[in-house]
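In case you want the letters, here they are:
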Amino acid sequence: MARGCALMEPLWFLFVILMFVAGASGAAVLALWLVSSERAKGPAKTASAAALGISSLWGFCAVGFGYLAVPTLLVFSASYFAWLWLLYRLFANDDRDKSLAPIRPVVASLALVELLHVATLLAQFSFPAGSAPAQLIAHFAVIFRLLFCVGALVLVHNLYAGAEQQSRQSLRWPAAAMGAIWLYDLNFYTIAYLLNELPEMLAQLRGAALLVAVIVLAIGSLRSESELKFRPSRSFAFQSFSLLVIGTYLVVMVVVAQAIAYAGNAYAPAMQVGFMVAASAVALAVLPSPKLRRWLRVMISKHLFQHRYDYRTEWLRFTDTIGRAGPEAPPLPQRIVQAVADVTDSPAGLLLTPLEEGGLALAARWQWSAIEVPGVAVCCEGARFFEESQFILDLDDLRAGREQAIPTAAYPDWLFEEERAWAVVPLVHYERLVGLVVLARPPLARQLDWEDFDLLRVVGRQLASYLAEHASQDALGEAQRFDEFNRRIAFVMHDIKNLASQLSLLARNAELHADKPEFRADMLLTLRNSTDKLQGLLARLGRYGGQSRTVREQVDLAAMIRSVAQQYKARHEVIAADHPACFIEGNAEALEQAIVHLVQNAIEASAANSPVRLALRVEQGTAIIEVSDNGVGMSPEFIRMHLFKPFHSSKSGGFGIGAFEAREMIRAMGGRLDVQSREGEGTRFLLRLPTSTTAGPRPNINDLNAEVA
């Protein structure tokens, strides 16, 4: 045994030397790298380099002079000042020193305490070793170091705990390094205070503490954002905490039992036995409580340990599932079920949505075709329960009797008796239930906990907004289809009204001029035109909003305005100015219909003896058809606010869509409709269309501002 001890002394000495050399060398290398490298990361690099440099010098002094030599102790005090400066610079890194006024006085107080320690250190060597004054001074030196370590550790805690979340990434490593140094020294000087002498073995291991601090600082300086994150597994975390609780319990029992023994009375053994029995009874009564264990598990998991879910990954997967598009993507209701199922690794699911008469019905299945769902899957009372409580129902808890406060309407027989049914997640939007997702049991089933409930509740609210938006879009699309249908009917009624006006005028004139051959010929022509228009109207019923208007042909505008004027020959004077042939590419029927609308409006706005004029001219490759009258005219406000708005009319019994339809027809051919009007003076419409001689790539002249008053 003596030979073994003799062999261990040089090995221990070699280990101590290696620790000091490794710590000092590592500190020196890291300090030089922080000063010289542009890749160095972390706040307060200069202060970190200074603290590491002085600590490196202390390590080499400990090897060269001894760890209790005066130069080594003085350099060690200097390293304390350097680490304290680094701590202050870390506080100043995010300007918190400007808002936290107590920081400077605390740092100054710690510096004063360390100066007092240096003073006592120097005074100690003024007295013989082992003398009473020297021991008293050494005792005060230990007290000053204890005060410094406690204050420094409090500042380190405040540095990290009070920092903003984004600042903690860079502060955790220097805070951990300083915490390691001062925590080691706190234990070292606590033992020294209790033993009234320095523990030699712990003093020899100070080099190892420096090496740990250097490694931590190196990790912080060289770290990558996604690397070196300590993430203990959940089982390890709970086992560690359990060991901590058991150890604390045993320590408390031993301390109390020893305190009773130190009381020194005759009843001490009996009191010790009684305490042990009482403590054991309390432990056996409290610790097995399932409610207490569940509460402890939730609190510990929520506030101390790594969460089960990687929320960034879950959110990316969620958005990818919901945002999937294209012809191959499943419908949104199925994607909603899949998004919830992905959270809990469920293999299948159902979506139930509200019925108009109340209750919930099946709206979508995801990989669950075998289950039979009744027409009313959940009754009104069950839907009301989920809407009011927003409760995420674990069906296994119901089956096992762990949950008994749920009304039976919330889990109908078809759901409760289906063994694969596992959980029900409500989708609530603005306190209104828009759906329920029923999840199938995953391959590795487990009991849902607080983290599942929190994540499912957030996902459910987000999906409820998507589902509500989808329903709103469906309703809007349906309303738009009805609006398009009503617009078609309005156009048809407007055209029928014009034809009825023509036929009514023809019938009145027939009573007066039926015996005239010229009138009979014009009447036949008018009837033929009316018949053609009715047939064209029937064909056009399926064309509004369709693609048939994109069919182009060569249209002679000069011939068209003459034809329109001829149609009104027997009813009102319409004068068409002569013009050579002028061709455009467009839809002849739609263009004629637009001109007829404008002419009819001009006739209705004019006196019986006031003619309507049609003119044609060409300006810079644009054909301009002018429809003018000397009628009542329009106000600038009416032109801006009502003329081209559908269903606004200044005429009694009018539909207010003639000008709007005419403008849309002309725009569909790449043209533009302008209007100029004065109240009491008349109106002039200008139809601008690109001529066919300028065919080819050209801008749509409808993009220009068209309305002039």
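Details of the structure are given in the entry above.
These notes cover the structure that comes with them. Note that the coordinates shown come from a computational prediction; the quantities given were computed from them, not determined experimentally.

Moving on: the overall build of the chain. Across its full length, the chain carries 23 helices and 12 strands. Out of the 709 residues belonging to the chain, those deemed buried represent 43%. Intrachain contacts of the chain at a sequence separation of at least 6 include 68% that bridge at least 24 residues. Roughly 38,100 Å² of accessible area belongs to the chain as shown, and the carbon and sulfur atoms make up 61% of that amount.

Pairing is antiparallel across the open sheet formed by 5 strands, whose spatial order is β2-β1-β5-β4-β3. In this open sheet, the two edge strands, each paired with only one partner strand, are β2 (360–366) and β3 (393–394). Strand direction decides the pairing type here: strand β4 (residues 421–429) and strand β5 (residues 432–440), joined by 8 bridges, are antiparallel. In the sheet register, P426 faces β5, and the bridge partner there is L436.

Let us look at empty space enclosed by the protein. With the rule as written, the count across this model stands at 5 cavities of 30 Å³ or more. Of the pockets and cavities examined, the largest cavity occupies roughly 120 Å³. In terms of lining, the largest cavity is formed by S55, W58, F76, S79, Y80, W83, I181, Y184, D185, R206, A209 and L210. Residue assignment for the lining of the largest cavity shows that the elements contributing at least two residues are α2 (45–65), α3 (70–93), α7 (165–195) and α9 (206–222). Element by element, the count of residues in the lining of the largest cavity is highest for α3, at 4 residues. Classifying every residue of the lining of the largest cavity gives 8 nonpolar, 2 polar and 2 charged.

Glancing now at the pattern of salt bridges. Using the criterion set out here, one finds 14 salt bridges in the structure. The closest approach of N and O atoms between R457 and D454, which form a salt bridge, is 3.7 Å. Taken together, the residues R457 and D454, both in helix α18 (residues 450–513) and 3 residues apart, mark about one turn of the helix. The class for R457 is partly exposed, based on a relative accessible area of 34%. Note that R667 and E664 form a salt bridge whose closest N and O atoms lie 3.8 Å from each other. With R667 and E664 both in helix α23 (residues 658–668) and 3 residues apart, the pair spans about one turn of that helix.

To continue, consider the nonpolar core. Grouped burial of nonpolar side chains is what soluble globular proteins tend to show. The biggest cluster of nonpolar side chains holds 56 residues, and the ones touching the most others in it are L52, W83, L87, F148, L159, M178 and W182. Every element with two or more residues in this core is listed here: α1 (2–36), α2, α3, α5 (103–124), α6 (132–161), α7 and α9. When residues in this core are grouped by element, the largest group, 11 residues, is from α3. Excluding residues that lie within four positions of it along the chain, L87 makes contacts with A152, L155, V156, L159, M178 and W182. A558, V564, I625 and L687 belong to the second largest nonpolar core, which has 41 residues in total.

Even without a glycine there, the phi angle at Y430 is positive, about 50°. The backbone of Q620 sits at a positive phi, close to 50°, despite the residue not being glycine.

Counted by the stated rule, this structure contains 0 disulfides. Free cysteine: C380, not disulfide-bonded; nearest cysteine sulfur from C379 at 6.6 Å.

Turning next to the layout of surface pockets. If you roll a probe as big as a water molecule over the atoms, it shows you where there is empty space left. Its boundaries defined by the atoms lining it, the largest pocket holds a volume of some 780 Å³. Lining the largest pocket are 29 residues, with L68, Q124, A138, V142 and L198 positioned closest to its centre. Elements that contribute at least two residues to the lining of the largest pocket include exactly α3, α5, α6, α7 and α8 (200–204). In terms of residues, the lining of the largest pocket owes the most to one element, α6, which gives 7 residues. Class assignment of the residues belonging to the lining of the largest pocket gives a composition of 18 nonpolar, 7 polar and 4 charged.

Quick look at the packing of aromatic side chains now. Here the distance between the centres and the angle between the planes together describe a pair of aromatic rings. The full count for this structure, using the stated rule, is 12 aromatic pairs. Taken together through their ring pairs, the aromatic side chains of F20, W58, F76, Y80, F148 and W182 make up a single cluster. The lysine or arginine in question, R145, covers the ring of Y80, its NZ or CZ lying 4.3 Å from the ring centre. Stacked on the ring of F416, the Lys or Arg R399 has its end atom at 5.8 Å from the ring centre.

By secondary structure assignment, the location of Q620 is in the loop between β9 (612–619) and β10 (622–629). Through-space distance from the C-alpha of Q620 to that of T691 is 9.4 Å; in sequence the pair is 71 residues apart.

Reading across from one edge, β7-β9-β10-β12-β11 is the order of the 5 strands in this open sheet, with mixed pairing throughout. For this open sheet the edge positions go to β7 (574–576) and β11 (672–678), each flanked by a neighbour on one side alone. Geometrically, the sheet is characterised by an average inter-axis angle of 20° between neighbouring strands, direction not taken into account. Relative to β9, β7 runs parallel, the two sharing 3 bridges. Opposite I575, over in β9, you have R613 as the bridge partner.

Turning our attention to α23. Note: α-helices contain 3.6 residues per turn, so residues at a spacing of three or four share the same orientation. Counting buried positions along α23 gives 8 out of 11 residues, so the element sits mostly inside the fold. Within the sequence span of α23, burial applies to G658, A659, F660, E661, A662, R663, M665 and I666. Just past α23, the residue G670 takes up positive phi, approximately 80°.

For the rest of this paragraph, the subject is the side chain of R688. Its location among the elements puts R688 in strand β12 (residues 682–690). We classify R688 as buried; its relative accessible area is 18%. Within the local environment of R688, its side chain forms a polar contact with the side chain of D674, the two groups lying 2.7 Å apart.

Counting buried positions along β4 gives 9 out of 9 residues, so the element sits mostly inside the fold. In this structure, the hairpin formed by β4 and β5 is closed by a connection of 2 residues, where Y430 is found at a positive phi of approximately 50°.

Parameters at a glance
Residues numbered from 1 in each chain as written. Predicted model: local features only at pLDDT ≥ 70, side-chain atom pairs only at ≥ 80, totals over all residues. Heavy atoms only, no water. Helix = DSSP H or I, 4+ residues; strand = E, 2+ residues; numbered from the N terminus. Buried < 20%, exposed > 50% of the residue type's maximum accessible area, 1.4 Å probe, protein only. Contact = heavy atoms within 4.5 Å. Areas by Shrake-Rupley, 256 points an atom, 1.4 Å probe, with all protein chains shown as cover. Pairing = 2+ DSSP bridges. 1 Å grid on protein atoms, 1.4 Å probe; cavity = no way out; pocket = protein on both sides within 12 Å on 5 of 7 lines; lining within 4 Å. Points joined across faces, edges and corners; volume = space filled by probe spheres on them. Nonpolar A, V, L, I, M, F, W, Y, C, P; charged D, E, K, R; others polar. Salt bridge = Lys/Arg side-chain N within 4 Å of Asp/Glu carboxyl O. Core = buried A, V, L, I, M, F, W, Y, C linked by side-chain atoms within 4.5 Å. Disulfide = S-S within 2.5 Å. Phe/Tyr/Trp six-rings, centres within 6.5 Å; stacked < 30°, edge-to-face > 60°. Lys NZ or Arg CZ within 6 Å of the ring centre and 35° of its normal. Axes fitted to C-alpha atoms, helices over the stretch in contact; angles between N-to-C directions. Polar contact = N/O pair within 3.5 Å; in protein donor to acceptor, adjacent residues only side chain to side chain.

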